[in-house]
Protein chains: 2
Amino acid sequence: MKKAIEIGILGLGTVGNGIIHILEHHKNELIAKTGAEDVTIRKVLVRDLEKQRGGNVEKEMMTTNAEDVLDDPNIDLVIEVMGGIDEAKQYIEKALKSGKHVVSANKDLIALHGDELLTLAEENDAELLYEASVAGGIPILRTLTEGLASDRITKMIGIVNGTTNYMLTKMTKEELSYDEALQQAKDLGFAESDPTADLEGLDAARKMVILARLGFSASVQLDEVYLKGMTEVTAEDIDFGQQLGYTLKLIGLASRSDEGIEVSVEPVFIPEDHPLASVNDEYNAVYVYGEAVGETMFYGPGAGSLPTATAVVSDVVSVIRQIRLGTAAAPMNAANKEDTVLKKEEDIRAKYFIRLHVHDVAGAFKSLTSVFTSNKVSFEKLIQMPMDSEELAEVVMVTHETSRTNFEQIAKDLENLDVVETIKSRYRVEGGEADVPEQRDLALV
Amino acid sequence: MKKAIEIGILGLGTVGNGIIHILEHHKNELIAKTGAEDVTIRKVLVRDLEKQRGGNVEKEMMTTNAEDVLDDPNIDLVIEVMGGIDEAKQYIEKALKSGKHVVSANKDLIALHGDELLTLAEENDAELLYEASVAGGIPILRTLTEGLASDRITKMIGIVNGTTNYMLTKMTKEELSYDEALQQAKDLGFAESDPTADLEGLDAARKMVILARLGFSASVQLDEVYLKGMTEVTAEDIDFGQQLGYTLKLIGLASRSDEGIEVSVEPVFIPEDHPLASVNDEYNAVYVYGEAVGETMFYGPGAGSLPTATAVVSDVVSVIRQIRLGTAAAPMNAANKEDTVLKKEEDIRAKYFIRLHVHDVAGAFKSLTSVFTSNKVSFEKLIQMPMDSEELAEVVMVTHETSRTNFEQIAKDLENLDVVETIKSRYRVEGGEADVPEQRDLALV
């Protein structure tokens with residue numbers, strides 16, 4: 001059993017510098033916590049040796065040659081914070097194959113190739129931990145594998161993308177338009193110059209894949225996620241939801257039941273007094289349902305170099321303990337343990353919010369309700385109000401629980417009605433019953 | 001290094017039974033996670049051998065003699081779920097002195113004698129873990145010692161008592177009176193037949209002492225907690241707070257700065273869009289500020305036999321790992337590492353809510369404001385409204401931040417004014433700025 005631990009780091013951006021700072025300033029604690037004799041950083045891979053850096057890494061510790069890290073037999077543990085897919089994957093594979101343990105903060109890579117890399121880790125009796133890849137400042141993966149280790153997780157509802165949550169918060173609380181909110185997110189550096197992966201839900205989907213694999217010990221792939229971004233969300237939708245007591249969030253949902261597993265990312269209405277509805281600005285949260293523990297939620301910053309570095313170091317502590325324990329099975333190597341069956345569309349059940357423009361003629365309302373009746377779904381909330389300067393009425397309904405297929409059929413049938421001018425929007429509703437705010441004039445059915 | 005782990009359990013109520021169920025049904029996982037060869041329960045201390053029990057504990061495993069657990073050299077780890085103070089303390093001491101590791105769910109005991117027991121554990125190279133003692137279903141102690149291990153925690157705001165949170169939720173959302181809410185909590189089994197320790201904040205204070213010791217590596221005693229229960233909270237106070245955008249919660253607060261440490265339990269107004277304001281019913285949450293990670297929150301059930309059992313088992317996993325690692329320092333043995341200085345009253349700064357009945361005469365308002373001016377504090381929010389059938393006005397103010405001593409002085413000066421009939425209530429305000437809800441008629445100063 002090795003007693004002094006040596007570390008190699010791939011990448012020296014702000015996260016890498018944060019990690020080095022923490023490892024050096026908390027060395028005694030690290031040693032006390034893990035029982036290691038010493039913990040030292042041996043080599044750091046950088047792109048450019050000449051670049052001025054704020055950190056205190058000595059020059060002789062840096063290298064531009066990955067082999068200096070990956071082929072060094074003294075290095076027990078490699079930390080990957082370089083980002084990107086192909087090169088990072090190749091380096092991690094090489095490290096694992098030579099029996100080195102790996103800690104990665106790379107959600108894109110883990111979401112795409114996590115199963116493969118975890119299998120490779122297992123074959124080589126190496127650890128691959130990746131706490132920082134999901135909701136940086138929230139120790140959610142550790143909680144799933146340790147704190148809730150003896151529980152069976154049945155559902156996770158996550159707000160796992162800071163950019164879109166920031167935008168939706170501004171649209172909700174300051175009534176900004178989509179474009180204004182996006183511009184503000186860009187100005188503040190929350191949104192990248194190409195924010196497509198955030199806005200279309202892909203970033204959130206990657207994180208939900210990682211959570212679902214770990215929480216359900218399942219093998220879920222990115223293309224199995226039902227994906228609907230927030231690009232079509234309007235301020236009006238948010239406002240009508242608020243009138244019914246709901247807050248709109250971009251929600252990543254992973255659930256399992258006897259019928260199988262479902263993973264989705266889409267804008268969802270949540271009751272305004274649900275803990276997730278108060279997760280504002282760039283913050284993240286994951287709401288977890290466990291059979292024994294009941295409902296828990298973990299809230300914190302989703303990104304940022306210091307939160308991410310903190311998460312990486314907590315993985316480093318875990319790995320060193322595992323090295324010292326000599327345990328073979330890594331806690332985050334949970335993939336593929338159970339056969340993974342995806343839920344069929346007709347088994348995915350939820351309430352739905354639908355907003356229509358309806359011609360304000362006699363019998364219009366009866367036509368609408370007949371669609372619901374013939375599809376055997378009733379609605380539990382309804383707003384109807386005349387619109388300015390048109391012969392149209394605005395109608396917003398929230399259904400009782402039904403399957404996604406059935407709701408799609410209802411939407412289609414409504415669209416075919418002569419009295420329906422257009423379906424303006426539709427959203428899934430989660431998180432239980434919303435109290436309708438006082439003094440709002442609704443017909444409750 | 002011992003490879004097969006044997007466990008003794010003190011107490012066989014619902015939590016004890018839950019633990020046995022989990023240990024037996026997750027044995028393989030436990031072995032895989034810890035690298036132990038086997039994990040078995042050897043003896044269970046019960047009060048009455050003849051009592052019918054729902055669980056599946058064999059009779060030969062049970063004993064009414066504590067020595068059968070404490071003197072058995074084969075037992076490595078003792079789980080204490082019997083409750084109470086004196087007997088439990090005596091048993092735990094005996095276990096620790098013979099080098100056995102201990103996991104306890106006993107918050108009363110840990111809050112009162114934690115420092116002493118942890119020192120004893122350290123002297124005997126034994127572990128004493130107690131995750132279940134604070135907010136049963138929330139792995140908050142593990143998060144403080146592992147997930148946030150490399151961070152410096154500066155403040156924790158907790159809703160850590162389910163009974164009072166249930167009552168305040170009902171008073172806020174259903175406008176129940178204090179007595180109605182208490183009766184409902186009793187009817188539902190949330191409140192004990194003598195709920196004094198809950199209502200007066202003592203139960204919350206015990207948990208905050210445990211959190212403060214661990215989070216700040218400090219030595220805080222129960223009688224150092226500033227304590228004000230919820231027995232004087234009225235529905236009117238809650239209602240006026242809501243008009244200003246605040247929700248009332250019984251808040252346990254632990255903070256530290258250069259001036260020292262502060263631990264308090266009192267009813268506090270929180271902005272209604274703060275994550276803590278959505279912690280409703282019997283749920284608990286702890287909001288943590290860390291220098292690196294920023295703001296995080298951990299939410300879940302505060303009690304219940306299954307959540308508590310889950311927390312105990314997560315400690316058992318930790319202890320077994322520590323046994324196998326041979327590490328001497330236990331992660332939860334953090335007490336006494338730093339000199340503990342309590343903050344002086346004048347260094348404890350907050351905003352305050354104060355509600356007065358004022359004689360509705362000319363110059364009344366000027367008298368009020370002069371008190372604030374002479375004490376050098378301004379107020380940021382104000383409601384003034386006439387009262388029915390009296391010559392009085394209701395005045396509610398929220399101050400800017402000031403010290404507790406200064407606020408006490410202001411309250412005293414206000415009470416001495418002729419125009420002030422009475423001070424109805426006063427509360428601390430935490431969690432940042434509240435948005436004043438629309439359509440509420442306020443003078444904002």
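Computed from a predicted model, the values in this text were never measured in an experiment.

**Describing the packing of helix α7 (residues 162–173) of chain B against helix α11 (residues 235–243) of chain B**
All names here are of chain B.
Here's step 1: Close contact between α7 and α11 brings their axes to 9 Å; oriented N to C, the two are set at 65 degrees. The angle between the axes of α7 and α11 places the two elements in the roughly perpendicular class. Along this stretch, α7 crosses α11, giving a crossing that reads as right-handed. Together, Leu168, Met171 and Thr172 of α7 and Ala235, Ile238 and Gln242 of α11 make up the contact between the two elements.
Here's step 2: Among the residues forming the contact of α7 with α11, the class breakdown is four nonpolar, two polar and no charged.

**Remarks on helix α2 (residues 27–34) of chain B**
Residue and element names in this part refer to chain B.
Here's step 1: Looking at α2, one finds that the buried residues are Leu30, Lys33 and Thr34. For α2, the buried positions fall inside an angular range of 80 degrees around the axis, keeping them on one side.
Here's step 2: One or two steps after α2, the chain reaches Gly35, where phi turns positive at roughly 75 degrees.

**Points about a negative patch on the surface**
Residues and elements named next belong to chain A.
Here's step 1: Where like charges cluster on the molecular surface, the negative patch consists of Asp360, Asp388, Glu390, Glu391 and Glu421.
Here's step 2: Mapped onto the fold, Asp388 is located in the loop between β14 (379–386) and β15 (392–399).
Here's step 3: Judged by relative accessible area, which is 66%, Asp388 ranks as exposed.

**Looking at the interface of chain B and chain A**
Here's step 1: Contacts between the two partners involve 48 residues from chain B, matched on the other side by 48 residues from chain A.
Here's step 2: Summing both partners gives a buried area of about 4000 Å² for chain B against chain A, and 54% of it is carried by carbon and sulfur.
Here's step 3: Summed over the shared surface of chain B and chain A, the result is two salt bridges.
Here's step 4: Among the salt bridges present, the one from Asp273 of chain A reaches Lys173 of chain B, with a minimum N-O distance of 2.2 Å.
Here's step 5: Seen at the junction of chain B and chain A, the total is six residue pairs in polar contact (both at pLDDT 80 or more).

**Some remarks on the pairing of strand β5 (residues 101–104) of chain A**
All names here are of chain A.
Here's step 1: Of the two faces of β5, both are covered, the one formed by His101 and Val103 as well as the one formed by Val102 and Ser104.
Here's step 2: Summarising the sheet, strand β4 (residues 77–80) and β5 pair through four bridges and their orientation is parallel. Residue Ile79 lies in a different strand from β5, and its bridge partner there is Val103.
Here's step 3: With respect to chirality, the unit in which β4 leads through helix α4 (residues 86–97) into the neighbouring parallel β5 is right-handed.

**Quick word on the nonpolar core**
Here's step 1: Membership of the largest hydrophobic core comes to 159 residues, with the highest contact counts inside it found for Ile140 of chain A together with Ile140 of chain B.
Here's step 2: Not counting residues up to four positions away in its chain, the partners in contact with Ile140 of chain A are Glu131, Val134, Leu211, Val286, Val288 and Phe298 of chain A.

**Some thoughts on the UniProt feature "binding site: NADPH" (unreviewed entry) in chain A**
Here's step 1: Under the present numbering, the feature "binding site: NADPH" (unreviewed entry) in UniProt falls on Lys107 of chain A.
Here's step 2: Every residue in contact with Lys107 of chain A, bar those within four places of it in the chain, is listed here: Ser133, Asp203, Arg206, Lys207 and Ile210 of chain A.

**Description of the side chain of Thr163 of chain A**
Here's step 1: Within the secondary structure, Thr163 of chain A is located in helix α7 (residues 162–173).
Here's step 2: Setting aside chain neighbours within four positions, we find Thr163 of chain A in contact with Ala185, Phe190, Ala191 and Asp198 of chain A.

**Description of the environment of Ser374 of chain B**
Residues and elements named next belong to chain B.
Here's step 1: Relative to the elements of secondary structure, Ser374 occurs in helix α13 (residues 364–374).
Here's step 2: Sequence spacing of Ser374 and Asp413 is 39 residues, and the spatial spacing of their C-alpha atoms is 9.9 Å.
Here's step 3: Looking at Ser374, its side chain comes within polar contact range of the main-chain oxygen of Val371, at 3.1 Å.

**Some details on the environment of Met397 of chain B**
All names here are of chain B.
Here's step 1: In this fold, Met397 is placed in strand β15 (residues 392–399).
Here's step 2: C-alpha separation for the pair Met397 and Leu382, spaced 15 residues apart in sequence, amounts to 4.5 Å.
Here's step 3: Dropping the residues within four chain positions of it, Met397 is found in contact with Tyr352, Phe353, Ile354, Leu356, Leu368, Phe372, Phe379, Lys381 and Leu382.

**Considerations on the sheet that holds strand β2 (residues 38–45) of chain A**
Residues and elements named next belong to chain A.
Here's step 1: Here six strands make up an open sheet; going across it, the order is β3-β2-β1-β4-β5-β6 and the pairing parallel. In this open sheet, the two strands that pair with only one neighbour each are β3 (62–63) and β6 (128–129).
Here's step 2: Summarising the sheet, β5 and β6 pair through two bridges and their orientation is parallel. Paired with Val102 across the bridge in β6 is Leu128.

**Considering the domain arrangement of chain A**
Residue and element names in this part refer to chain A.
Here's step 1: Looking at the assigned domains, one finds that chain A contains domain 1 (4–136 + 305–325), domain 2 (148–299) and domain 3 (349–429).
Here's step 2: For domain 2 versus domain 3, the distance between C-alpha centres works out to 25 Å.
Here's step 3: Each partner contributes residues to the interface: domain 2 has 20 residues there, and domain 3 has 15 residues.
Here's step 4: Between domain 2 and domain 3, roughly 1500 Å² of surface is buried when both sides are summed, and carbon and sulfur atoms account for 59% of that area.
Here's step 5: Our count for the domain 2 to domain 3 interface comes out at four salt bridges.
Here's step 6: For Arg355, the salt bridge identified is with Asp237, shortest N-O distance 2.9 Å.
Here's step 7: Where domain 2 packs against domain 3, one counts eight residue pairs in polar contact (both at pLDDT 80 or more).
Here's step 8: Among the elements that take part in the side of domain 2 that touches domain 3, strand β10 (residues 260–271) stands out by supplying six residues, more than any other.
Here's step 9: In terms of residue class, the side of domain 2 that touches domain 3 is made up of ten nonpolar, four polar and six charged.

**What to know about the relation of the copies chain B and chain A**
Here's step 1: For these two chains of identical sequence, chain B goes onto chain A by a turn of 180 degrees and a shift of 0.0 Å along the axis, with RMSD 0.0 Å. Viewed as a symmetry operation, the transformation between the two copies matches a two-fold axis. Scanning chain B for the C-alpha nearest the rotation axis identifies Phe298 of chain B, at a separation of 2.4 Å.
Here's step 2: By residue overlap, the copies meet face to face through one surface: 100% of the interface positions of chain B are interface positions in chain A.

**Some words on the packing of α13 of chain B against helix α14 (residues 404–416) of chain B**
All names here are of chain B.
Here's step 1: It is the contact of α13 with α14, at a shortest axis distance of 10 Å, that shows an interaxial angle of 150 degrees. Classified by the interaxial angle, the pair formed by α13 and α14 is roughly antiparallel. Considering the relative orientation of α13 and α14, their crossing is right-handed. On α14, the residues touching Leu368, Val371 and Phe372 of α13 are Ile410, Asp413 and Leu414.
Here's step 2: In terms of residue class, the contact of α13 with α14 is built from five nonpolar, no polar and one charged.

**A closer look at the packing of aromatic side chains**
Pairs of aromatic rings are described using the distance from one ring centre to the other and the angle between the two planes.
All names here are of chain A.
Here's step 1: Per the stated rule, a full pass over the model turns up 21 aromatic pairs over all chains.
Here's step 2: With a centroid separation of 5.8 Å and 55 degrees between ring planes, the pair formed by Phe353 and Tyr427 is classed as tilted. With Phe353 in strand β13 (residues 349–359) and Tyr427 in strand β17 (residues 420–429), this residue pair connects regions lying 74 residues apart in the sequence.
Here's step 3: For Phe353, a relative accessible area of 0% puts it in the buried group.
Here's step 4: Through a chain of ring-to-ring contacts, the aromatic side chains of Tyr246, Phe269, Phe353 and Tyr427 assemble into a single cluster.

**Details of unusual backbone geometry**
Residues and elements named next belong to chain A.
Here's step 1: Located in the positive-phi region is Lys376, a residue other than glycine, with phi close to 60 degrees.
Here's step 2: As for its position among the elements, Lys376 is in the loop between α13 (364–374) and β14.
Here's step 3: The class for Lys376 is exposed, based on a relative accessible area of 77%.

**Regarding the pairing of strand β7 (residues 153–159) of chain A**
Residues and elements named next belong to chain A.
Here's step 1: By the criterion of burial, β7 is predominantly enclosed, with five of the seven residues buried.
Here's step 2: Where β7 and strand β11 (residues 283–290) come together, six bridges link them in antiparallel fashion. The residue of β11 that forms the bridge with Ile153 is Gly290.
Here's step 3: Two elements, β7 and strand β9 (residues 246–257), share four bridges in a ladder whose sense is antiparallel. Residue pairing for β9: Gly158 is matched across the bridge by Gly252.

Conventions we followed
Residues numbered from 1 in each chain as written. Chains lettered and ligands numbered in written order. Predicted model: local features only at pLDDT ≥ 70, side-chain atom pairs only at ≥ 80, totals over all residues. Heavy atoms only, no water. Axes fitted to C-alpha atoms, helices over the stretch in contact; angles between N-to-C directions. Helix = DSSP H or I, 4+ residues; strand = E, 2+ residues; numbered from the N terminus. Parallel < 35°, antiparallel > 145°, perpendicular 65-115°, else oblique. Left-handed = near helix turned anticlockwise from the far one by under 90°. Contact = heavy atoms within 4.5 Å. Nonpolar A, V, L, I, M, F, W, Y, C, P; charged D, E, K, R; others polar. Buried < 20%, exposed > 50% of the residue type's maximum accessible area, 1.4 Å probe, protein only. Arc of directions from axis to C-beta. Patch = residues over 30% accessible without salt bridge, like charges linked within 9 Å, V, L, I, M, F, W, Y side chains within 5 Å. Areas by Shrake-Rupley, 256 points an atom, 1.4 Å probe, with all protein chains shown as cover. Salt bridge = Lys/Arg side-chain N within 4 Å of Asp/Glu carboxyl O. Lys, Arg positive; Asp, Glu negative; His and termini not counted. Charge placed at Lys NZ, Arg CZ, Asp CG, Glu CD. Buried area = accessible area lost by both parts, 1.4 Å probe. Polar contact = N/O pair within 3.5 Å; in protein donor to acceptor, adjacent residues only side chain to side chain. Pairing = 2+ DSSP bridges. Right-handed = clockwise from strand over helix to strand, strands pointing away. Core = buried A, V, L, I, M, F, W, Y, C linked by side-chain atoms within 4.5 Å. UniProt positions renumbered as here; feature names shortened; annotations may be inferred. Domains from an automatic or database assignment. Least-squares fit on C-alpha atoms with pLDDT ≥ 70 in both. Phe/Tyr/Trp six-rings, centres within 6.5 Å; stacked < 30°, edge-to-face > 60°.

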